[in-house]
Amino acid sequence: MNTSIHPDERAARVQLAACYRIFAMLGWTEMIYNHITVRLPEGVTGGAANDGGDGGNGGNSAAQFLINPFGLHYSEVTASNLVKIDAQGRVLDGSAHPVNPAGFTVHAAIHNGLAGAHCVMHTHTTAGVAVACLEGGLQQTNFYTAQLHGMVAYHDFEGITIHADEGPRLLQSIGSRNAVILRNHGLLAWGHTLPQTFAILWTLQRACEIQMATFSMGRAIPVSEEIAARCTRDALQFSPAHGAGQDVFNALVRQVDRLDASYKN
Ligand SMILES: [Zn+2]
């Protein structure tokens, strides 16, 4: 990798590339589609990523993001082939790889509209899309849904998400909830850090997998709102005091390292 890259950008690139490989390892891929994006820290952009006190409008025309090169499978993503783009999806780092600006539309709306959204992840896993297509969506019936009490937002399907005018409606649907079910479409999570976002998306994915399996067998046993609320309070994986997903993420990075450490290139 280019040695002139700011150390914080280098760290963000290695962490994001590792995350793409984790998604590939878990089977959370959709051929060459879908994205995981991060906003580069202000140490890299000279304050452009500042997220403080702007009333929730984190949009800054100078903010910079990393995204996967369009056309590569997640298993081919490396720290150096990640593409640096601006808030409009324009390439900033002279990368030879194209990006999918249409695919960045949803991510841009969230990064620019939610000050704390440093990382955005979106998947089309079968379980995630299946629950997104289900009337009633995610239902309070399993260990994982119980840990997401009050955390899941829904956004109605408006077609392929390439039109920027959907952004404000998407933000309105999301409110402040970090887990999002895009109806008829897929799953999305955003967070302050990549590991935190991963922990949220992983829990949502597991909730959908278990619901799909349960509902295919028959009627599920409901979990009361009271129990679910307590589970969510007791759940450790989102809490900064308990690593906010960092420990889990680190363990999966070690697994990727044993399989193929070429993502660091
Ligand atoms: Zn999608």
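Scroll up a little and you will see the structure.
First things first, this report covers the structure right here in the doc. (Residues numbered from 1 in each chain as written. Predicted model: local features only at pLDDT ≥ 70, side-chain atom pairs only at ≥ 80, totals over all residues. Heavy atoms only, no water.)

### Remarks on the pairing of strand S5 (residues 152-155)
Worth spelling out the cut-off: For two strands to be treated as a pair, DSSP must find at least two bridges joining them. Helix numbering and strand numbering both begin at the N terminus, where a helix is a DSSP run of H or I of at least 4 residues and a strand a DSSP run of E of at least 2. Looking down the strands as they point away from you, a crossover is right-handed if its path from the first strand over the helix to the second goes clockwise.
Two strands pair when backbone bridges link them, and S5 and strand S6 (residues 179-182) are joined in this way by four bridges, in the parallel orientation. Looking at S6, one finds that His-155 is bridged to Leu-182. Crossover S5 to S6 through helix H5 (residues 167-174) is right-handed.

### Notes on H5
Our working rule: Burial classes follow relative accessibility: with a 1.4 Å probe on protein chains only, a residue under 20% of its type's maximum area counts as buried, one over 50% as exposed, and anything between as partly exposed. Directions from the helix axis toward the C-beta atoms define the arc. We call two residues contacting when some pair of their heavy atoms lies within 4.5 Å.
Among the residues of H5, those classed as buried are Gly-167, Leu-170 and Ile-174. One side of H5 carries all its buried residues, which in axial view fall inside an arc of 60°. Opposite its buried face, H5 presents the exposed residues Pro-168 and Gln-172, each directed more than 90 degrees away. Taken together, the buried residues of H5 touch helix H3 (101-113), S5, S6 and strand S7 (186-191). The first or second residue beyond H5 is Gly-175, which carries a positive phi of 60°.

### Considering the nonpolar core
Counted only if it meets this: By nonpolar core is meant a set of buried Ala, Val, Leu, Ile, Met, Phe, Trp, Tyr and Cys residues that side-chain atoms within 4.5 Å join together.
Core analysis: the biggest nonpolar cluster contains 46 residues, and Phe-23, Ile-36, Met-121, Leu-138 and Leu-204 have the highest contact counts within it. Breaking this core down by element, the ones donating at least two residues are helix H1 (7-26), strand S1 (36-39), strand S4 (119-123), helix H4 (126-132), S6, S7, helix H6 (194-217) and helix H8 (246-259). Counting residues in each nonpolar core, the second largest holds 13 residues, with Leu-114, Ala-117, Leu-182 and Leu-188 among its members.

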